[in-house]
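Here is what each chain is made of, one letter per residue.
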Amino acid sequence: MEKILLIEDEELIIRLLSKKLAAIGYDVSLAMNGEEGLEKIKQIVPDLILLDIVMPRMGGFEVMAEMKKDENIADIPVIIISNSGQPLELEKAKELGAADWLVKTEFDPKEVAEKIQKYINKN
Amino acid sequence: MDKAINSNNIPLPPAQPLSGDQSLRERELAELSEMKARLEEANGILEVRINAKTRALRELAANLEKEMKERTEELRRKVAESENSRVALMNMLEDMEDLRRRAEEEREKTMAIIANFSDGLMFFDARDRLALVNPRIENYFSINKAESKNMIGGRISDIVRFAPMSPLGEVFAGSLERVSRRELSLNEKTVFEVSVLEVAGRAGKIGTLLIIHDISREKMVEKMKTEFVSIAAHQLRTPISAIKWTLRMILDGDLGPINDEQREFLDKTYKSNERMINLINDLLNVTRIEEGRQVYNPVVADIEEVIRGLIANYEDMARQKNLNLSFEKIAPVVPTVKIDLEKIKLVASNLIENSLKYTPAGGKISVTLGEEDGNAMVEVTDTGIGIPAEQQDRIFTKYFRSANAIKAETEGTGLGLFIAKNIVEAHGGKIRFVSEPGRATKFSFVLPPAESD
């Protein structure tokens, strides 16, 4: 069973997405901020990470930068799920090696699940 | 004098033999009268000769005087002439000096403008060799006067080899290609915008001007605005996306079964929420357009594929409204275009959605892809309510909605066509329409072909 780590500070989104992903059959772990997320990435070494950008304590970009420093986790595909999609942000995410960027208003949980399948099948 | 004439000039008659007294006397008388006659004759000749000499002398004197006068006159004329030419020469010299001074002044003015120009300027001559550098360049790249002087005469490929100027190498691979507003980051804080202009005079190419404009401040402001919009969008989008996801999952049955009435209400709520999302997106787009920081990521694309994909998205909606939505490629070959996919999709969506919104049931919407003057052309034709003639000139204005559009459909921001026009024009294309109120409307946009480079 593929392990997916969801790092997101908004409770409603966490509950909805984890319910959807669990129903599809993924092993879903949760973290409510970047700091906790980074810890869990190292501990679980998930197959894929869903990462929010704006979070308390440690933001998504910082998490990605930290991941780069640890070769065990540096290559795990990261899908950004964010409420914005500013060109500068997208560029930065690309630089940091994000696999994809999903704006939450443009996708729903079902479509997020489809994206996940695309990147997990690739690996 | 007379004596001299007598003794020298008058021949005496030869002595004759005498014959008797009377005859002697007669002979003497005859001889005397003969002598007298000869004397008189000689006198006459003398007189004539003297008169002639005197006349000749007088004539000579007169001639001499005349000649003197003429010579003097000539001399005077020559002196006057040479004086005139001297003055003329002086004037010419003065004029030339004046011209030279004026040219020098103009040159100084031009140089002062170049030196004090707020942008960095480098001018390359017709042979692409650096001819001029202004102090702003020295400023921008932290080089001194001597170093900048050293670069004169070099090609751009030589110049970028000089370490402080090497950042320019990012823009120019080896030659001075035409560049328009290319960004160049010198460091974290300094960002330049590089443009290259060909300078042509009456006789053709004079040289090439490289302009470097400091946009660090704009970049900083842009970043701050991006941050602000990002925060605002985040604040607005967070609750809206939570609503969207919740409704979607309930509607998909992920949170348990719902009855038909619940489904109907939730479906309508979902659609309202989608409108709110579109409104926020439109506002974000407008902000970006107005701040001139809409970022385009053009890629070479097959426009047919793009349009076909979009049509598929609207087939359901068309069926629900009982509208015939069709697509046809009407030119055998449509030029390949270089476009920002998302933004051109937005343009086409706006046009198709407008047609769907403003065409009464039973109507027709046909989307065609063709070619016009080497450009790709997309046309969306409908049998809708049309645009009132007196409001047609305002149709691309921000927030404008025509009177009949408001009557037909209360929802709408009046931003769609404003955004569409900006996006098409940013691609170097054009958007236009013809409309017959109450009967039909046709919107067309053309996109220039991708440059084959």
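Worth saying up front: this structure is predicted, and the values here are computed from it rather than measured.

## Brief notes about the overall build of chain B
Phase 1: Within chain B one finds eleven helices and twelve strands.
Phase 2: In chain B, buried positions account for 34% of the 453 residues.
Phase 3: Partitioning the contacts of chain B with sequence separation of at least 6, the portion at a separation of at least 24 is 57%.
Phase 4: Counting every atom, chain B has about 28800 Å² of accessible surface; 54% of that belongs to carbon and sulfur.

## Regarding the interface of chain B and chain A
Phase 1: Taken together, the contact pairs 24 residues of chain B with 24 residues of chain A.
Phase 2: A salt bridge links Lys20 of chain A to Asp254 of chain B; its shortest N-O distance comes to 2.6 Å.
Phase 3: If you list the elements that add at least two residues to the side of chain B that touches chain A, you get α6 (216-251) and α7 (260-290) of chain B.
Phase 4: For the side of chain B that touches chain A, the element with the highest residue contribution is α6 of chain B, accounting for 15 residues.
Phase 5: Taken together, the residues of the side of chain B that touches chain A sort by class into nine nonpolar, seven polar and eight charged.

## Some points on the sheet that holds strand β10 (residues 375-382) of chain B
Residues and elements named next belong to chain B.
Phase 1: With respect to topology, five strands assemble into an open sheet ordered β7-β9-β10-β12-β11, the strand pairing being mixed. One side of each edge strand has no neighbouring strand; the edge strands of this open sheet are β7 (324-329) and β11 (430-436). The mean inter-strand angle of the sheet, taken between neighbouring strand axes irrespective of direction, is 15°.
Phase 2: In terms of strand pairing, β7 meets strand β9 (residues 364-372) through six bridges, oriented parallel. Within β9, the residue paired with Glu328 across the bridge is Thr368.
Phase 3: Against the sheet, helix α11 (residues 416-426) makes contact with β11 and β12 (440-447), and its axis sits at roughly 140° relative to β11, the strand it touches most.

## Details of the packing of helix α9 (residues 341-358) of chain B against α11 of chain B
Residue and element names in this part refer to chain B.
Phase 1: Two elements in contact, α9 and α11, have axes separated by 9 Å at closest approach and are oriented at 145°. Crossing handedness for the pair α9 and α11: left-handed. Only Gly416, Leu417, Ile419, Ala420, Ile423 and Val424 of α11 make contact with α9, whose side of the interface consists of Lys343, Ile344, Leu346, Val347, Asn350, Leu351 and Asn354.
Phase 2: A class-by-class count of the residues in the contact of α9 with α11 yields nine nonpolar, three polar and one charged.

## What about unusual backbone geometry?
Working note: non-glycine residues mostly have negative phi, and peptide bonds are mostly trans.
Phase 1: Phi is positive for Val45 of chain A, which is not a glycine, with a value near 50°.
Phase 2: Mapped onto the secondary structure, Val45 of chain A falls in the loop between α2 (34-44) and β3 (48-51).
Phase 3: At Asp128 of chain B, a position not held by glycine, the phi torsion is positive, near 65°.
Phase 4: The residue Asp128 of chain B is located in the loop between β1 (120-125) and β2 (130-133) in this model.

## Quick word on the sheet that holds strand β4 (residues 191-201) of chain B
Residues and elements named next belong to chain B.
Phase 1: Read across the sheet, five strands follow the order β2-β1-β5-β4-β3 without closing on themselves; strand pairing throughout is antiparallel. The open sheet is flanked by β2 and β3 (182-185), the only strands paired with a single partner. Taking the axes of each pair of neighbouring strands and ignoring which way they run, one obtains an average angle of 25° across the sheet.
Phase 2: Pairing geometry for β3 and β4, over four bridges, is antiparallel. Along β4, the bridge assignment pairs Glu183 with Glu193.

So, how was this worked out
Residues numbered from 1 in each chain as written. Chains lettered and ligands numbered in written order. Predicted model: local features only at pLDDT ≥ 70, side-chain atom pairs only at ≥ 80, totals over all residues. Heavy atoms only, no water. Helix = DSSP H or I, 4+ residues; strand = E, 2+ residues; numbered from the N terminus. Buried < 20%, exposed > 50% of the residue type's maximum accessible area, 1.4 Å probe, protein only. Contact = heavy atoms within 4.5 Å. Areas by Shrake-Rupley, 256 points an atom, 1.4 Å probe, with all protein chains shown as cover. Salt bridge = Lys/Arg side-chain N within 4 Å of Asp/Glu carboxyl O. Nonpolar A, V, L, I, M, F, W, Y, C, P; charged D, E, K, R; others polar. Pairing = 2+ DSSP bridges. Axes fitted to C-alpha atoms, helices over the stretch in contact; angles between N-to-C directions. Left-handed = near helix turned anticlockwise from the far one by under 90°.

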